[in-house]
Amino acid sequence: MSIQERVLERTRTRAELPVALPIGPRTAAVLVLASIAGLMMLCWPLLLAARPGERVEPPFLFLALLPLVMVVVLAEMGEGGMDSRVLAVLGVLSAINAVMRGLGAGTAGIEMVFFLLVLGGRVFGAGFGFALGCTSLFASALLTAGVGPWLPFQMICAAWVGMGAGLLPRRVGGRAEITMLVVYAVVASYLYGLLMNLSFWPFALGIAVPGHEGSLAYVAGAPVLENAHRFLIYTLLTSTGGWDTGRAITTGIAIVVLGPAILTTLRRAARRAVVRPG
């Protein structure tokens, strides 16, 4: 076998490397239910049948239930085969993310959390990515005194970022893989900002954005498309060009610069963490 053929074979092997934490049917069902609960918590004001002008209160019941749902997900994944080596990797990546988030503090959208979420989910799978998103945001909130009603929203949205990375096509390697991860990270960064805006926008009063006539606040009882139109304009004018773009650029650059080395390191750990789905 020639040198070129060996290189191609090695690249093919890396690209087809199985995830270290496969998802069994039971865990997949729990992840789907947790995601549905998160979407309900975010989108229910748009679907609420309320009288015009009626005040809508935050869903404190959802805020209490969603962390419990996440605990069930993590417990289910543990029973499904997450061994001590995978837990060690999860703990290390969560700790690194917590420290890095504290250093960046999200200034101008510069956040160094999401590129590790993407890379971890890519190597270890959707379930690991979901868990990493939850634990990273929870740990960083404890470290930076950022615990509040916004934390469950941050945890579920970050969990989706990691889970989505684990669902990307497996038969992609080399530069094409890095390109795919960068594109995904950029899209995920904007979606994360959009969903986080949706978590508080319906409860803000008297929203007025410079350069736009009229209020962009949520109107109880208004048609879904009308409220969605206001929300999209609000997001475009307040966060898309600033925080979300900064997050997308930071994450994309980090994946390009650090991605190949970190992927190699994580895959070496993955080879030693063979886990069977439960």
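Rules of the game
- Residues numbered from 1 in each chain as written.
- Predicted model: local features only at pLDDT ≥ 70, side-chain atom pairs only at ≥ 80, totals over all residues.
- Heavy atoms only, no water.
- Helix = DSSP H or I, 4+ residues; strand = E, 2+ residues; numbered from the N terminus.
- Buried < 20%, exposed > 50% of the residue type's maximum accessible area, 1.4 Å probe, protein only.
- Contact = heavy atoms within 4.5 Å.
- Areas by Shrake-Rupley, 256 points an atom, 1.4 Å probe, with all protein chains shown as cover.
- Salt bridge = Lys/Arg side-chain N within 4 Å of Asp/Glu carboxyl O.
- Axes fitted to C-alpha atoms, helices over the stretch in contact; angles between N-to-C directions.
- Parallel < 35°, antiparallel > 145°, perpendicular 65-115°, else oblique.
- Left-handed = near helix turned anticlockwise from the far one by under 90°.
- Phe/Tyr/Trp six-rings, centres within 6.5 Å; stacked < 30°, edge-to-face > 60°.
- Expected span 1.5 Å × (residues − 1).
- Bend = angle between axes of the 7 residues up to and from the residue.

1. Brief notes about the overall build of the chain
On a plain count of helices and strands, the chain comes out with nine helices and zero strands. Put simply, the chain has 278 residues, and 48% of those count as buried. Look at the contacts in the chain between residues 6 or more apart in sequence, and 80% of them connect residues 24 or more apart. If you sum the accessible surface of the chain, you get close to 13800 Å²; carbon and sulfur atoms cover 70% of it.

2. Some details on the environment of Val92
Assignment of secondary structure puts Val92 in helix α4 (residues 84-104). Using a relative accessible area of 47% as the deciding quantity, one classes Val92 as partly exposed. Each C-alpha atom, one on Val92 and one on Ser136, is 9.9 Å from the other, the two residues being 44 residues apart in sequence.

3. Digging into the pattern of salt bridges
If charged atoms from side chains of opposite charge come close, those side chains can pair. What the rule picks out here adds up to four salt bridges. Note that Arg122 is salt-bridged to Glu177, the shortest N-O span being 2.8 Å. In this pair, Arg122 sits in helix α5 (residues 114-124) while Glu177 sits in helix α8 (residues 174-200), placing the two residues 55 residues apart along the sequence. Judged by relative accessible area, Arg122 falls into the buried class, the value being 0%. For Arg267, the salt bridge identified is with Glu177, shortest N-O distance 2.5 Å. Here the residue Arg267 occupies a position in helix α9 (residues 224-271), and Glu177 occupies one in helix α8, the gap between them amounting to 90 residues. Take Arg267: its relative accessible area is 8%, and that puts it in the buried class.

4. Some details on the packing of α5 against helix α7 (residues 151-166)
α7 packs onto α5 with a crossing angle of 40 degrees between their chain directions and a minimal axis gap of 6 Å. It follows that α5 is oblique to α7 by the angle criterion. α5 and α7 meet at a crossing whose hand is right-handed. Residues Phe114, Leu117, Val118, Gly121 and Arg122 of α5 lie in contact with α7, whose contacting residues are Ala158, Val161, Gly162, Ala165 and Gly166.

5. Examining the packing of aromatic side chains
Summed over the entire model, instances satisfying the criterion amount to three aromatic pairs. Judged by centre distance (6.5 Å) and plane angle (80 degrees), the rings of Phe200 and Tyr234 are edge-to-face. Taken together, the positions of Phe200 in helix α8 and Tyr234 in helix α9 put the pair 34 residues apart, joining distant regions of the chain. Taking relative accessible area as the criterion, Phe200 reaches 39% and is therefore assigned partly exposed.

6. Topic: α9
Here α9 contains 48 residues, and its C-alpha end-to-end distance of 48 Å is more than 12% below the 70 Å for a straight helix at 1.5 Å per residue. Roughly 60 degrees is the biggest bend found in α9, and it falls at Leu258, with proline Pro260 one to four residues downstream.

7. Some remarks on α5
Of all 11 residues that make up α5, 11 are buried, and the element is covered over most of its length. Listed in full, the buried residues belonging to α5 are Phe114, Phe115, Leu116, Leu117, Val118, Leu119, Gly120, Gly121, Arg122, Val123 and Phe124.

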